[in-house]
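What the coordinates show
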There are 2 protein chains.
Amino acid sequence: MTVFIAIDLGGTQMRVAAFGGKGFTPIHIERIPSQSPGASPQERLIQLITKVAPKGEQISAIGVAAPGPINPQKGIILTAPNIPGLVNFPLVADLQQKLNVPVFLDNDANLAALGEWQAGAGQGHNHLVYLTISTGIGGGIISAGHRLHGAQGFATEMGHITVLPDGPMCGCGHRGHLEAIASGTSIARWVKQEIAQGVPSALIGKSEISAKTVAEAARQGDPLSQAAYARAGYYLGQALADFLHIFNPSIVIFGGGVSRSGELLLNPVRKSLHQHILSEQYIKNLTITTAALGDDAGIIGALLLARQSTYV
Amino acid sequence: MTVFIAIDLGGTQMRVAAFGGKGFTPIHIERIPSQSPGASPQERLIQLITKVAPKGEQISAIGVAAPGPINPQKGIILTAPNIPGLVNFPLVADLQQKLNVPVFLDNDANLAALGEWQAGAGQGHNHLVYLTISTGIGGGIISAGHRLHGAQGFATEMGHITVLPDGPMCGCGHRGHLEAIASGTSIARWVKQEIAQGVPSALIGKSEISAKTVAEAARQGDPLSQAAYARAGYYLGQALADFLHIFNPSIVIFGGGVSRSGELLLNPVRKSLHQHILSEQYIKNLTITTAALGDDAGIIGALLLARQSTYV
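Residues numbered from 1 in each chain as written. Chains lettered and ligands numbered in written order. Predicted model: local features only at pLDDT ≥ 70, side-chain atom pairs only at ≥ 80, totals over all residues.

Residue and element names in this part refer to chain A. On the basis of which strands lie adjacent, the open sheet formed by five strands has the order β11-β10-β9-β12-β13 and mixed pairing. Looking at strand neighbours, the two that pair on one side only are β11 (146-147) and β13 (287-290), the edges of this open sheet. The pairing of strand β12 (residues 251-255) with β13 spans four bridges and is classified as parallel. Looking across to β13, one finds that V252 is bridged to I288. (Pairing = 2+ DSSP bridges. Helix = DSSP H or I, 4+ residues; strand = E, 2+ residues; numbered from the N terminus.)

Next up on the list: helix α6 (residues 211-219) of chain A. All names here are of chain A. The complete set of buried residues in α6 reads A211, V214, A215, A217 and A218. When α6 is viewed along its axis, its buried side chains cluster within an angular range of 165° and face the same direction. Immediately beyond the C-terminal end of α6, within one or two residues, lies G221, with a positive phi of roughly 100°. (Buried ≥ 20, exposed ≤ 12 C-beta atoms within 10 Å, placed from the backbone. Arc of directions from axis to C-beta.)

Further remarks concern the relation of the copies chain A and chain B. With an RMSD of 0.0 Å, the fit of chain A onto chain B corresponds to turning through 180° and sliding 0.0 Å along the axis. Considering both components of the superposition, the chain copies are consistent with a two-fold axis. A share of 100% of the interface residues of chain A reappears at the interface of chain B, consistent with the copies meeting face to face through the same patch. (Least-squares fit on C-alpha atoms with pLDDT ≥ 70 in both. Contact = placed C-beta atoms within 7 Å.)

It is worth spelling out the interface of chain A and chain B at this point. Of the residues lining the interface, 32 residues belong to chain A; the matching set on chain B comes to 33 residues. Going through the elements one at a time, α7 (223-247) and α9 (281-284) of chain A are the ones with two or more residues in the side of chain A that touches chain B.

This part is about the nonpolar core. General note: in soluble globular proteins, nonpolar side chains tend to be found buried as a group. Core analysis: the biggest nonpolar cluster contains 213 residues, and I5 and V214 of chain A together with I5 and V214 of chain B have the highest contact counts within it. Discounting residues that sit within four places of it in the chain, I5 of chain A has contacts with V16, A18, I49, V52, A53, I59, I62 and A306 of chain A. (Core = buried A, V, L, I, M, F, W, Y, C linked by C-beta atoms within 7 Å.)

All names here are of chain B. You can see A306 is positioned in helix α10 (residues 297-311). Through-space distance from the C-alpha of A306 to that of V64 is 8.2 Å; in sequence the pair is 242 residues apart. If sequence neighbours within four positions are ignored, A306 has contacts with F4, I5, A6, A61, I62, G63 and F104.

Time to look at the environment of C172 of chain A. Following the sequence through the fold, C172 of chain A ends up in the loop between β11 and α4 (179-182). C172 of chain A sits 12 residues away from H160 of chain A along the chain, and the two C-alpha atoms are 8.3 Å apart. When sequence neighbours within four positions are dropped, the list of residues in contact with C172 of chain A reads H160 and H177 of chain A together with L278 of chain B.

A separate point is helix α3 (residues 108-119) of chain A. Side chains that are three or four residues apart share a direction in an α-helix, a result of its 3.6 residues per turn. Residues and elements named next belong to chain A. Taking 1.5 Å of rise per residue, the 12 residues of α3 would be expected to cover 16 Å, and the 15 Å separating its terminal C-alpha atoms lies within 8% of that figure. Counting buried positions along α3 gives 10 out of 12 residues, so the element sits mostly inside the fold. Of the positions making up α3, those classed as buried are D108, A109, N110, L111, A112, A113, L114, G115, E116 and W117. (Expected span 1.5 Å × (residues − 1).)

Residue and element names in this part refer to chain A. Summarising burial for strand β10 (residues 137-143): seven of the seven residues are buried, a large majority. With burial as the criterion, each face of β10 is covered, one bearing I137, G139, I141 and S143 and the other bearing G138, G140 and I142. Where strand β9 (residues 128-133) and β10 come together, six bridges link them in antiparallel fashion. Within β10, the residue paired with Y130 across the bridge is G140. The pairing of β10 with β11 spans two bridges and is classified as antiparallel. Directly across from I142, in β11, lies its bridge partner R147.

This brings us to the sheet that holds strand β4 (residues 59-66) of chain B. Residues and elements named next belong to chain B. If you trace the five strands from one edge of the open sheet to the other, you get β3-β2-β1-β4-β8, paired in mixed fashion. Of all the strands in the sheet, just β3 (28-33) and β8 (103-107) have a single pairing partner and so form its edges. Averaged over all pairs of adjacent strands, the angle between their axes in this sheet comes to 15°, without regard to strand direction. Inspection of the sheet shows β4 paired to β8 by five bridges, in the parallel sense. (Axes fitted to C-alpha atoms, helices over the stretch in contact; angles between N-to-C directions.)

All names here are of chain A. We note that A144 has phi near 50°; this positive angle belongs to a residue other than glycine. For A144, the location among the structural elements is in the loop between β10 and β11. A residue is classified by how many C-beta atoms lie within 10 Å of it, and A144, with 15 of them, is partly exposed. For N248, which is not glycine, the phi dihedral falls at a positive 45°. For N248, the position within the fold is in the loop between α7 and β12.

Turning next to the packing of α7 of chain A against helix α8 (residues 263-276) of chain A. All names here are of chain A. Direction vectors running N to C along α7 and α8 enclose 45°, while the axes themselves pass 7 Å from each other. With respect to α8, the axis of α7 lies oblique. For the pair α7 and α8, the sense of crossing is right-handed. Across the interface between the two elements, Y229, A230, A232, G233, Y234, L236, G237, Q238, L240 and A241 of α7 pack against L264, L265, N267, P268, V269, R270, K271, S272, L273 and H276 of α8. Classifying every residue of the contact of α7 with α8 by side-chain character gives 12 nonpolar, six polar and two charged. (Parallel < 35°, antiparallel > 145°, perpendicular 65-115°, else oblique. Left-handed = near helix turned anticlockwise from the far one by under 90°. Nonpolar A, V, L, I, M, F, W, Y, C, P; charged D, E, K, R; others polar.)

Below is the structure:
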């Protein structure tokens, strides 16, 4: 029996699953909160792998999807948001040494792109742009059937391109990045700022203002909430035109929590894209859609990474 | 004897050369002005190929570098700047039919990137960003040893990304593109506009104001001319930060006429890049340099295209 282990070190959940040589239904999956008391994250990871792996079977390979900054070439997690114990942690070397199995690491946005390409909304496409819009904005690129990594594995930071010089401050410390305007955090922040400046809204006085509550208010007709998604969609469309001019993909897939707002976000994206595109040839045969794998994109990507690395 | 024909349909010169199976020194090269009276461009092309090809030898393949919009998949030149006869011209089918030889077409910026990668400043690098800055701004990308083309061959339009929304109008009809600020044409236009608004300059009253004369005046201490290159370099640096975040290359090569201004342009580019980059990791091992092949980049690229397509 061929066994692969896929791990998704999510910000809220740590998920570990065993899969066979084919298909995308796990033999066994375990989920625990990322911030668990007691054992260290490394110890919990080993415990979960031992728990999900079929007894007496050799594991062929392990794939790991990690959020936040990693060094994929050296197999090091630089920091993992919400998993305090993992800082400058040589995950690949550590797991390989303890389990004597090949281990492969990539960031979750790249692996979600891989997952959507092979098992989700992007099947059959060889030129794919994947954008994940949640608290931040990340991405993954498939170009002529190759995942784009760059010389050191730091490529496809699609949220950190300048769309509005002197615009809002980004979490990275630079102004006017796409992430600083169109991420879920930025959508909510803009609504709060507008309310603070006296703009009327159905959200005034609400205890929580998030991209999700803004989307709900927009659907119920709140003009400020609608304007917030129109603004985010406008700059996403401008950036998407850049990405089409650079990559000329046949499909663009939006993933991440904010993409669940669906047409509320995609309508202004499409409108802005048409305003900014160099030529209709870029759009004519282009599919723009939302992700199909949802929360499973990372773990499916990690599985594919493990399988791919073994078969190649 | 193995013979390859390389053709560069430049805006001012049409160049046709015969090469052997190895090396980059032509057996025979012919150059004629692109706008010649008499025969049609198609006829002149066939005449030149016949002239340079060694008598009695079979041609293995022909590679063609074309400026302006093409459809590389269909082998069609949509329009060729300064070669009036070539509009919607099926160059590949035409040459293949007349000469019974495989013909390969790509745009000159992509082929210059290929040339610099294999035979110029980019040798030994597998992740390369090439930007050509002349009347317009074009580019070519090598990612993990693959040329980036996109689904239909319209990728790497690096001059048409928005760097300043509501900025100057671009030749393509959109505002604030990199090309509208940092191309040679745009540098000269900005200087003329500033002079028209009363800004003093050593260039006032000169019959010709071009990127070249602005560079000369800047070197002689003209503040307006220095400001023109500082401005172009600033936005090039901002865009370059985007490209590094997207591609994480190990080398960036600047080609095209404006790149001959050297450090006058590259100094402000580097300064701006440091201001805009997400992390020093992108720059630490990065080479930023000017092209090595000069005017030959296109024809060397066309030669490599012909050889590559035959060998693969």
